[in-house]
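Notes for the structure review
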Amino acid sequence: MSRRGENIRKRADGRWEARFSVPDPVTGRKKIRSVYARTYADVKAKLTEAKYDFEKGIGEDDRKRSKANPICPSDPDTKEKIWLTELASAWLAETAGAKKHSTYVKYRGIYEKYLAGKLEGISVADLSGEEAETLYHHICFTDGKWSDSLVKSIYCVWNQLLHYCNLHCHTNIRPAERPKTRKAVTPVKILARSEQIGLLQEIYTNMDESKFGILLCLFTGLRLGEICSLKWSDIDLNGKLLYVNRTVQRIAVDDRSTKTILLEGPPKSMFSKREIPIPDSIMPYLLLFHRPGGYVVSGNGPMEPRTYQYRFQKLLVDAGIGRHNFHVIRHTFATNCINSGADIKSLSEILGHSNVNITLNRYVHPTIDIKRKHLNNLSLVYDRYAEQKCS
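Residues numbered from 1 in each chain as written. Predicted model: local features only at pLDDT ≥ 70, side-chain atom pairs only at ≥ 80, totals over all residues. Heavy atoms only, no water.

Turning our attention to the packing of aromatic side chains. A full pass over the atoms with the stated rule returns five aromatic pairs. Aromatic side chains Phe 312 and Phe 326 sit 5.2 Å apart centroid to centroid with 65° between the ring planes, which places their arrangement in the edge-to-face category. Of this pair, Phe 312 sits in helix 12 (residues 305–318) while Phe 326 is found in the loop between helix 12 and helix 13 (328–339), placing the two residues 14 residues apart along the sequence. Exposure class is identical for Phe 312 and Phe 326. Each is buried. The structure contains a cluster of three or more aromatic residues connected by ring pairs, namely Tyr 308, Phe 312 and Phe 326. (Phe/Tyr/Trp six-rings, centres within 6.5 Å; stacked < 30°, edge-to-face > 60°. Helix = DSSP H or I, 4+ residues; strand = E, 2+ residues; numbered from the N terminus. Buried < 20%, exposed > 50% of the residue type's maximum accessible area, 1.4 Å probe, protein only.)

This is how it looks when you write it as structure tokens:
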């Protein structure tokens, strides 16, 4: 029997099998892959490693080459001379070339602020399974004020560093256990019905390109960086389809006169690159503002996300609505879809989530009116049963 939620089971031959799904590069359909080991702990470690390899595009040949030419040989004396801080520097250098720049900047920031100081003086040879786990808990849980999000980020960076160590140093260090969420998931904030009415009235009054972009987000659930980098070439007017191909964000950089730059890149994840059907009701506005080439809301270059956030705030003020983050549009869109009867799978793909559980946990919080409607429908069922018994 598989362990709940992990897709890990013990086979009849005594081995443990772990399964995970990956999209086929040609068809896009999900394919199931498996890894095997003699113990549950080993197969779980292999599963983490296999998922990481897939995301980084590491194949079996790459892994064999890495093990044939490790950073540090299997000689224990040599491992004692390899400091974790040196290994981390090599991992960050590799990450800079393999990941999106924004991802690299985030990983580097997490490492430098929360890991580097606590890894000083620790060599690869010092990390047995228990010692690695103890060090991880010392890093993550010495300060109880850290948010769940930060703890998960540290967990991600730590496990990738251990994976890099296993790959290049002939070690077999077990990855850390995924941290448990310490607080319940709270419903997302959305615009109230009266606020949505006021916002739409303000949008439709003297609509311009900026207002149209916000209207497009209300009907498609685009993220701020996605609408700011949306090009007219990403919109198929004949097929009534919108393609999310990129995002834009301001990130920190080194060796420049400015501390940050506006950087365009691929969407948040492989699942965020998606196609969204355009509702018929906003097609006239698409045709009205359509310009060959360029960006939908900003002409010849991507819109600065902070600028568009300020414009959204001004629109809220003009509509007599309180202050909200731009992401409230996405939350409102998703919640309205749920309350309108949209199926979770379709909504998950429109939002660009990696799986439907993210959509379920974040957005499926029915209103009291929806709950009352369900219970009233149940009453009708009982009434029919009662009538059949009496007859």
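Structure shown, so let's carry the discussion forward.
Counting 37 residues, the largest nonpolar core has Leu 199, Ile 227, Leu 242, Tyr 308 and Phe 326 as the members making the most contacts within it. Of all the elements in the fold, those that place two or more residues in this core are helix 8 (193–204), helix 9 (209–220), helix 10 (224–228), strand 5 (241–244), helix 11 (283–289), helix 12 and helix 13. Sorting elements by how many residues they give to this core places helix 9 first, with six residues. Discounting residues that sit within four places of it in the chain, Leu 242 has contacts with Leu 216, Leu 222, Leu 230, Asp 234, Ile 235, Arg 274, Glu 275, Ile 276 and Ile 278. In terms of nonpolar packing, the next biggest core, distinct from the first, is built from 36 residues, Leu 84, Tyr 104, Cys 169 and Ile 173 among them. (Core = buried A, V, L, I, M, F, W, Y, C linked by side-chain atoms within 4.5 Å. Contact = heavy atoms within 4.5 Å.)

A separate point is the side chain of Glu 17. Its place among the elements puts Glu 17 in strand 2 (residues 16–23). Within polar-contact distance, the side chain of Glu 17 engages the side chain of Arg 19 at 3.0 Å. Among the polar contacts made by the side chain of Glu 17, one reaches the side chain of Ser 34 at a distance of 2.9 Å. (Polar contact = N/O pair within 3.5 Å; in protein donor to acceptor, adjacent residues only side chain to side chain.)

Time to look at a nonpolar patch on the surface. Together, Leu 375, Leu 378, Tyr 382 and Tyr 385 make up a nonpolar patch on the protein surface, roughly 460 Å² of accessible area in all. Its place among the elements puts Leu 375 in helix 16 (residues 368–390). (Patch = residues over 30% accessible without salt bridge, like charges linked within 9 Å, V, L, I, M, F, W, Y side chains within 5 Å. Areas by Shrake-Rupley, 256 points an atom, 1.4 Å probe, with all protein chains shown as cover. Salt bridge = Lys/Arg side-chain N within 4 Å of Asp/Glu carboxyl O.)

Okay, empty space enclosed by the protein next. Using the criterion set out here, one finds one cavity of 30 Å³ or more in the structure. Considering the residues around the largest cavity, the lining is formed by Leu 222, Glu 226, Ser 229, Leu 230, Asp 234, Leu 242, Tyr 243, Val 244, Asn 245 and Arg 246. Considering every element that reaches the lining of the largest cavity, the biggest residue donor is strand 5, with three residues. In terms of residue class, the lining of the largest cavity is built from five nonpolar, two polar and three charged. (1 Å grid on protein atoms, 1.4 Å probe; cavity = no way out; pocket = protein on both sides within 12 Å on 5 of 7 lines; lining within 4 Å. Points joined across faces, edges and corners; volume = space filled by probe spheres on them. Nonpolar A, V, L, I, M, F, W, Y, C, P; charged D, E, K, R; others polar.)

On to the side chain of Thr 95, then. Here Thr 95 is to be found in helix 4 (residues 84–98). Of the polar contacts made by the side chain of Thr 95, one reaches the backbone oxygen of Trp 91; its length is 2.8 Å.

With that out of the way, let us pick up the sheet that holds strand 4 (residues 235–236). Strands sit in the order 4-5-8 across an open sheet of three strands; the sheet is antiparallel. One side of each edge strand has no neighbouring strand; the edge strands of this open sheet are strand 4 and strand 8 (274–277). In this structure, strand 5 lies alongside strand 8, joined through four bridges in antiparallel fashion. When the bridges of strand 8 are listed, Leu 241 appears paired with Pro 277. (Pairing = 2+ DSSP bridges.)

Attention now goes to helix 8. A rise of 1.5 Å per residue sets the reference length of helix 8, with its 12 residues, at 16 Å; its end C-alpha atoms lie 17 Å apart and thus fit the reference within 8%. Three or more residues of helix 8 are buried, namely Glu 195, Gln 196, Gly 198, Leu 199 and Ile 203. For helix 8, the buried positions fall inside an angular range of 165° around the axis, keeping them on one side. Opposite its buried face, helix 8 presents the exposed residues Arg 193, Ser 194 and Gln 201, each directed more than 90 degrees away. Of the surrounding secondary structure, the elements contacted by the buried residues of helix 8 are helix 9, helix 12 and helix 13. Just downstream of helix 8 lies Asn 206, where phi reads positive at about 50°. (Expected span 1.5 Å × (residues − 1). Arc of directions from axis to C-beta.)

This part covers unusual backbone geometry. A negative phi angle is the norm for most residues apart from glycine, just as the trans form is the norm for most peptide bonds. At Asn 206, a position not held by glycine, the phi torsion is positive, near 50°. By the element assignment, Asn 206 lies in the loop between helix 8 and helix 9. Phi at Lys 240 is positive, roughly 55°, even though this residue is not glycine. Judged by relative accessible area, which is 35%, Lys 240 ranks as partly exposed.

Where strand 1 (residues 8–10) lies against strand 2, three bridges are found, and the strand directions are antiparallel. Bridge pairing in strand 2 links Ile 8 to Ala 18. Once strand 1 ends, the chain turns through five residues before running back antiparallel as strand 2, passing Gly 14 with a positive phi of about 95°. Where strand 2 and strand 3 (residues 30–37) come together, eight bridges link them in antiparallel fashion. Residue Pro 23 lies in a different strand from strand 3, and its bridge partner there is Lys 30.

Moving on to the packing of helix 9 against helix 12. Any two packed helices are characterised by how steeply their axes cross, that is the angle between the axes, and by the distance between the axes. The contact between helix 9 and helix 12 brings their axes to 11 Å, and the two run at 90°. When the axis of helix 9 is compared with that of helix 12, the two are roughly perpendicular. Contact with helix 9, carried on its side by Glu 209, Ser 210, Lys 211, Gly 213 and Ile 214, involves Tyr 308, Arg 311, Phe 312 and Leu 315 of helix 12 and no other residues of that element. When the residues that make up the contact of helix 9 with helix 12 are grouped by side-chain class, the tally is four nonpolar, two polar and three charged. (Axes fitted to C-alpha atoms, helices over the stretch in contact; angles between N-to-C directions. Parallel < 35°, antiparallel > 145°, perpendicular 65-115°, else oblique.)

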